[in-house]
Amino acid sequence: MRLDRVLAAHIASVSRSHLKTLILDGQVMIAARTIRDPATIVKSGDVVTVILPAPEPTSLKGESIPLNIVYEDDAIIVIDKPKGLVVHPAAGHASGTLVNALIAHCGASLSGIGGIKRPGIVHRLDKDTTGLMVVAKTDKAHRALSRQFAEKAKGPLERGYLALIWGVPDRQRGTIEAPIGRHSHAREKQAVREGGRAAVTHWQVLERFFGPDRKAAASLVACTLETGRTHQIRVHLDHIGHPLLGDATYGTGFKTKSARLGPRARAALEALGRQALHAYLLVVEHPETGDVLEFQSELPGDLRRLRDALHMESREDGRESYK
């Protein structure tokens, strides 16, 4: 295998891009020989040494952004992320992110594993997905949490999501196992495609909702992840023909479906302005104590109003939604 891939497979706490930078900077050796080519092939039995320089101070500025903190100690912080909050700075979002808020909140207690002293982001939520996230405050916590997210099948880690989707699946529950990679034409999107990274999503229908025509219009489903690919739930549910309500990226072909909703549900969907996805459950092993911590978050107001409107209109049409 290529050197950069070998390192990425063995050092989950450091991003592949940062590992590549370390190689180019001469911080990686094979058999005591400095290697500067990320494509160098690693052979069986090779001893690879990686030098991780002390983290530099972050150039990002702390910003006074309100945080809904669910849990915090010296090692981790769990927050309930609101809609509209980007997790980390990127093109088009140089400030006003969760990272900026955490820098201001955490002060000197920051992880430096990525080469820069800043909060240890070990998983992400899309800008307009709400719900629970755990963040590392120390290097030790960052390494331990990164291992949990990289080796989910070996530990108690669990991530649960509630999603409002178009239509009703033909089964009560199921599993979507389909590889995800970058879309071949629309670079801002992901897609199920051959050669993509393995991705597994389990889903279960909790409620079904009916429109004025007494036909099934939408469902509330619970999803759990075995993997954590970009836009995984959104891509997988679209793949089986049931994209999220309000998803402007993956549910564009379903815009006309809103005409099948009653007036209250249609108004609630128009007011939503985002994909109907909420990270309601997070189970994680504490990186220092080993205790298994479970956190739950109720549906936020905008999704609750949409769900209640769908439920109410189903009852009025004589088709009781059910769990």
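As the structure is a computational prediction, the values presented were derived from the model and not from experiment.

Draft legend 1. Representation of the packing of aromatic side chains within the structure. For the structure shown, the criterion picks out one aromatic pair. With 5.7 Å between their ring centres and 50° between their planes, Tyr71 and Phe295 make a pair best called tilted. Of this pair, Tyr71 sits in strand β5 (residues 69-72) while Phe295 is found in strand β17 (residues 292-296), placing the two residues 224 residues apart along the sequence. Overall, the relative accessible area of 9% leaves Phe295 in the buried class.

Draft legend 2. Up close: the environment of Ala104. Within the fold, Ala104 resides in helix α3 (residues 98-106). For Ala104, a relative accessible area of 42% gives the class partly exposed. Among all residues touching Ala104, those that are not within four sequence positions of it are Gly62 and Glu63.

Draft legend 3. Structural detail: the side chain of Arg307. Assignment of secondary structure puts Arg307 in helix α7 (residues 301-316). On the accessibility criterion, Arg307 (18% relative accessible area) is buried. A distance of 2.5 Å separates the side chain of Arg307 from the side chain of Glu207, its partner in a polar contact. Residues contacting Arg307, with those up to four places away along its chain left out, are Leu164, Glu207 and Phe209.

Draft legend 4. Main features of the pairing of strand β14 (residues 200-210). Taken across its eleven residues, β14 has eight buried, putting it largely inside the fold. Where strand β11 (residues 173-177) and β14 come together, five bridges link them in antiparallel fashion. Across the sheet, the residue bridging to Ile176 is Thr201, located in β14. In terms of strand pairing, β14 meets strand β15 (residues 216-225) through nine bridges, oriented antiparallel. Pairing of Phe209 across the sheet is with Ala218, part of β15. Hairpin connection between β14 and β15: a loop of five residues separates the two successive antiparallel strands, and Arg214 in this loop has a positive phi of roughly 65°.

Draft legend 5. Here's a closer look at the pattern of salt bridges. Inspection of the entire model under this criterion finds ten salt bridges. Where salt bridges share partners, they join Lys83, Arg274 and Asp302 into one cluster.

Draft legend 6. Structural detail: unusual backbone geometry. In this model, Ala32 sits at a positive phi of 70°, which is unusual for a non-glycine residue. Its location among the elements puts Ala32 in the loop between β1 (28-30) and β2 (33-34). Positive phi outside glycine occurs at Arg214, with the angle close to 65°. Counting through the fold element by element, Arg214 comes out in the loop between β14 and β15.

Draft legend 7. Expanded view of the sheet that holds strand β3 (residues 48-50). Taken together, three strands build an open sheet; the order of strands is β2-β1-β3 and the sheet is antiparallel. The two strands at the open ends of the sheet, each matched to only one other strand, are β2 and β3. Across two bridges, the pairing between β1 and β2 is antiparallel. Across the sheet, Ile30 pairs through a bridge with Arg33, a residue of β2.

Cut-off values and rules
Residues numbered from 1 in each chain as written. Predicted model: local features only at pLDDT ≥ 70, side-chain atom pairs only at ≥ 80, totals over all residues. Heavy atoms only, no water. Phe/Tyr/Trp six-rings, centres within 6.5 Å; stacked < 30°, edge-to-face > 60°. Helix = DSSP H or I, 4+ residues; strand = E, 2+ residues; numbered from the N terminus. Buried < 20%, exposed > 50% of the residue type's maximum accessible area, 1.4 Å probe, protein only. Contact = heavy atoms within 4.5 Å. Polar contact = N/O pair within 3.5 Å; in protein donor to acceptor, adjacent residues only side chain to side chain. Pairing = 2+ DSSP bridges. Salt bridge = Lys/Arg side-chain N within 4 Å of Asp/Glu carboxyl O.

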